[in-house]
Amino acid sequence: MLVRLFRSNQSGILLALLVLVPLLFLKHVQAPLPVSKQMMPAFGSLVALFGMASWVQGVVLMFTIVLVSVQLTSLVNDADLMDQRNHLPALLFPILLAAQSPPGSIGSALYGLPFLIGALHRSWSIKSGGAALGALFDAGFLIGVAAQFYMPYSFLVVVVWASVSVIRPFLWREYLVPLMGLAICFYLTWGMLFLTGHGDWEPLRTVVHVKPVTLIRSAGFHGMYFLLLTALFVFSLFGFARQYTKGVVREQNLRSAFIAFVVTMGVVIGLVSLLNGWYPSVLLAMPLALLFTFALLGKKRLWAAETAVFALLVLALWMQYGG
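Here the structure is a predicted model, which means the values were calculated and not measured. (Residues numbered from 1 in each chain as written. Predicted model: local features only at pLDDT ≥ 70, side-chain atom pairs only at ≥ 80, totals over all residues. Heavy atoms only, no water.)

### As for the overall build of the protein chain
Then, in step 1: Per the secondary structure count, the protein chain includes 13 helices and zero strands.
Then, in step 2: Ordering the α and β elements of the protein chain from the N terminus gives α-α-α-α-α-α-α-α-α-α-α-α-α.
Then, in step 3: Relative to its length of 323 residues, the protein chain is compact, with a C-alpha radius of gyration of 20 Å against a globular reference of 20 Å.
Then, in step 4: On the principal axes, the C-alpha backbone points of the protein chain span a range of 60 × 55 × 35 Å.
Then, in step 5: The 323 residues of the protein chain split such that 52% are buried.
Then, in step 6: The contacts of the protein chain with a sequence gap of at least 6 include a subset with a gap of at least 24, amounting to 82%.
Then, in step 7: As presented, the protein chain carries roughly 14,900 Å² of accessible surface, and 72% of it is formed by carbon and sulfur atoms.
Then, in step 8: Looking at the protein chain, you have 19 positive and 9 negative side-chain charges, and the mean spots of the two groups are 9 Å apart. (Helix = DSSP H or I, 4+ residues; strand = E, 2+ residues; numbered from the N terminus. Rg over C-alpha atoms; globule rule 2.2 N^0.38 Å. Buried < 20%, exposed > 50% of the residue type's maximum accessible area, 1.4 Å probe, protein only. Contact = heavy atoms within 4.5 Å. Areas by Shrake-Rupley, 256 points an atom, 1.4 Å probe, with all protein chains shown as cover. Lys, Arg positive; Asp, Glu negative; His and termini not counted. Charge placed at Lys NZ, Arg CZ, Asp CG, Glu CD.)

Structural data, given as C-alpha cells:
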C-alpha cells in the first residue's frame, strides 16, 4: 500500500509525512540532544535556540526531517535520476532514519542536510553546454553552509568535482569555483566569529564526538535489520544497473554522479567511524533512501516491495518504542 502510493507522481501524497514523521520521532521530542564541547557555529546557534523551550528541539527536528524528505523527492525528479517520477525517497528516508536512530541520537549531521541536498541539486542541474559557474559556486557555498553544522560535509565538494567531470568537458575553473564557494563560506564564518569575540574557532576539532548514550536493541533486531538492508541493497544494484544501461547519455552522466555521491558518503562514514568508532545514522539513511528507490520501482513483484517497506516500518517502530 505504501509503496503503491509513493510510487505515484501525485505530490499530495507528501502530506502523509505529517503523520508518518511524528509517529516515528515522537520519542525524540523530550530526548536530550547529543552535543559536545566543540561544535560548529551554526549547530551551536541551533542548540541555543533549543534551550528556549523543551518542545522546540522536537519541532525543529521533525520539520527538518519532513523538509529533507521533500527535498530528496525534488532532487531525484528534477534531475531525472530515475526513469519514473516518484516520491519513494520521501517515504524511505524517515523510516530508515528512525530504524537506525534511538531517541536522543540524532545530532548536528541532520541539520546540515538540507543545504547539502541543495548543493547536489545545483550540481546536477548543470548541462553539458552553457554556463555553469554560478551553479557550481552555489553548490560549493551550500556545502560550506552544511559544514557549519557538521564539518565532514565539507569533504563532499568532491561530489561536485565528480559531477562536473562526467557532465561537462574539462575546464579547470569549473573545479576551482566550488572550492572558492566553500572557502568563502568558511572565511565569512570565521570573520563573524572574530568580530563577536570567538576568533579561536577550531573546526577540525569538532569532527571528534563522543558516542551519544542511546538504547541498544537486541542482536535479533540488528540481525533482521542487516538482512533486510542487504536484500534491498542487492535488488537496488540490479535496478540501478537496468536503468543505467537503458538511459540516454545525460541520464547516464547523472547516474554516474550519483554513484560518486554514494561512494563519497561511504568514505565519509568510514573516516568518521575510524575517528570516533561510530557515525551519525543520517549519513547512511540519506543515500540509502535514494538507492533503495531503484529496488522499489520495478513493475513485477510489487508485493515483495510492499513487504520490505512494511518490515522496515515495523523495525523503525521497534527501535523507537520497543521499550
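### What to know about the packing of aromatic side chains
We describe a pair of aromatic rings using the distance from one ring centre to the other and the angle between the two ring planes.
Then, in step 1: Scanning the entire structure with this criterion turns up 14 aromatic pairs.
Then, in step 2: Note on Phe115 and Phe149: the rings are 5.7 Å apart at their centroids and 15° apart in plane angle, and the pair reads as stacked. In this pair, Phe115 sits in helix 6 (residues 108–123) while Phe149 sits in the loop between helix 7 (133–147) and helix 8 (157–167), placing the two residues 34 residues apart along the sequence.
Then, in step 3: Geometrically, the ring pair formed by Phe221 and Tyr225 is stacked, given 6.2 Å between the ring centres and 10° between the ring planes. (Phe/Tyr/Trp six-rings, centres within 6.5 Å; stacked < 30°, edge-to-face > 60°.)

### Details of a nonpolar patch on the surface
Then, in step 1: Where nonpolar side chains cluster on the molecular surface, the patch consists of Phe170, Trp172, Leu176, Leu179, Met180, Ile184, Tyr187, Leu188, Trp190, Phe194 and Leu195 and spans about 1,200 Å² of accessible area.
Then, in step 2: Among the secondary structure elements, Met180 is positioned in helix 9 (residues 173–195). (Patch = residues over 30% accessible without salt bridge, like charges linked within 9 Å, V, L, I, M, F, W, Y side chains within 5 Å. Salt bridge = Lys/Arg side-chain N within 4 Å of Asp/Glu carboxyl O.)

### Observations regarding unusual backbone geometry
Then, in step 1: With phi around 55°, Asp80 is a residue other than glycine that occupies positive phi space.
Then, in step 2: With respect to the helices and strands, Asp80 occurs in the loop between helix 4 (56–78) and helix 5 (88–100).

### Details of the side chain of Gln243
Then, in step 1: Looking at the element boundaries, Gln243 is found in helix 10 (residues 219–246).
Then, in step 2: Judged by its relative accessible area of 2%, Gln243 falls in the buried class.
Then, in step 3: A polar atom in the side chain of Gln243 sits 3.0 Å from the backbone nitrogen of Asp83.
Then, in step 4: Contact partners of Gln243, with chain neighbours within four places excluded, come to Leu81, Met82, Asp83, Arg255, Phe294 and Leu297. (Polar contact = N/O pair within 3.5 Å; in protein donor to acceptor, adjacent residues only side chain to side chain.)

### What about the nonpolar core?
Then, in step 1: Counting residues in hydrophobic clusters, the biggest one holds 106 residues, and the most contacted among them are Phe25, Phe93, Leu96, Trp124 and Phe261.
Then, in step 2: Considering every element that reaches this core, the biggest residue donor is helix 12 (residues 282–296), with eleven residues.
Then, in step 3: Not counting residues up to four positions away in its chain, the partners in contact with Leu96 are Tyr225, Leu229, Ala285, Leu288, Ala289, Phe292 and Leu312. (Core = buried A, V, L, I, M, F, W, Y, C linked by side-chain atoms within 4.5 Å.)

### Focus on helix 11 (residues 249–276)
Then, in step 1: An ideal rise of 1.5 Å per residue puts 40 Å on 28 residues; helix 11 measures up with 41 Å between its terminal C-alpha atoms.
Then, in step 2: Just past helix 11, the residue Gly277 takes up positive phi, approximately 80°. (Expected span 1.5 Å × (residues − 1).)

### What about the packing of helix 4 against helix 5?
Then, in step 1: Relative orientation of the contacting elements helix 4 and helix 5 amounts to 140°, with a least axis distance of 8 Å. In terms of axis orientation, helix 4 runs oblique to helix 5. The handedness of the crossing between helix 4 and helix 5 is right-handed. Here Ile65, Val68, Ser69, Leu72, Thr73 and Val76 of helix 4 come into contact with helix 5, specifically with Pro89, Ala90, Phe93, Pro94 and Leu97.
Then, in step 2: By residue class, the composition of the contact of helix 4 with helix 5 is nine nonpolar, two polar and no charged. (Axes fitted to C-alpha atoms, helices over the stretch in contact; angles between N-to-C directions. Parallel < 35°, antiparallel > 145°, perpendicular 65-115°, else oblique. Left-handed = near helix turned anticlockwise from the far one by under 90°. Nonpolar A, V, L, I, M, F, W, Y, C, P; charged D, E, K, R; others polar.)

### Some details on helix 9
Then, in step 1: Look at helix 9: 32 Å from first C-alpha to last across 23 residues, which is about the 33 Å you get at 1.5 Å a residue.
Then, in step 2: Taken as a whole, helix 9 has its buried residues at Glu174, Val177, Pro178, Gly181, Leu182, Cys185, Phe186, Thr189, Gly191 and Leu193.
Then, in step 3: Lining the buried residues of helix 9 we find helix 3 (41–50), helix 7 and helix 8.
Then, in step 4: Positive phi appears at Gly197, one or two residues downstream of helix 9, with a value of about 85°.

### Points about the pattern of salt bridges
Pairs can form between side chains of opposite charge whenever their charged atoms are close.
Then, in step 1: Here the structure, examined in full by the defined rule, presents four salt bridges.
Then, in step 2: Arg122 serves as the salt-bridge partner of Asp138, at 2.8 Å between the closest nitrogen and oxygen. Highlighted residues: Asp138 in helix 7 and Arg122 in helix 6, separated in sequence by 16 residues.
Then, in step 3: Taking the relative accessible area as the measure of exposure, Arg122 reaches 31% and is therefore partly exposed.
Then, in step 4: Residue Glu174 is joined to Arg168 by a salt bridge in which the shortest nitrogen-to-oxygen separation is 2.8 Å.
Then, in step 5: In this structure Glu174 comes out as buried when scored by relative accessible area, which is 3%.
Then, in step 6: Taking relative accessible area as the criterion, Arg168 reaches 10% and is therefore assigned buried.

### Digging into the environment of Phe50
Then, in step 1: Note that Phe50 resides in helix 3.
Then, in step 2: A sequence separation of 18 residues divides Phe50 from Val68, and the C-alpha atoms of the two residues are 20 Å apart.

### A look at the environment of Tyr175
Then, in step 1: As for its position among the elements, Tyr175 is in helix 9.
Then, in step 2: Excluding residues that lie within four positions of it along the chain, Tyr175 makes contacts with Trp161, Val164, Ser165 and Phe170.

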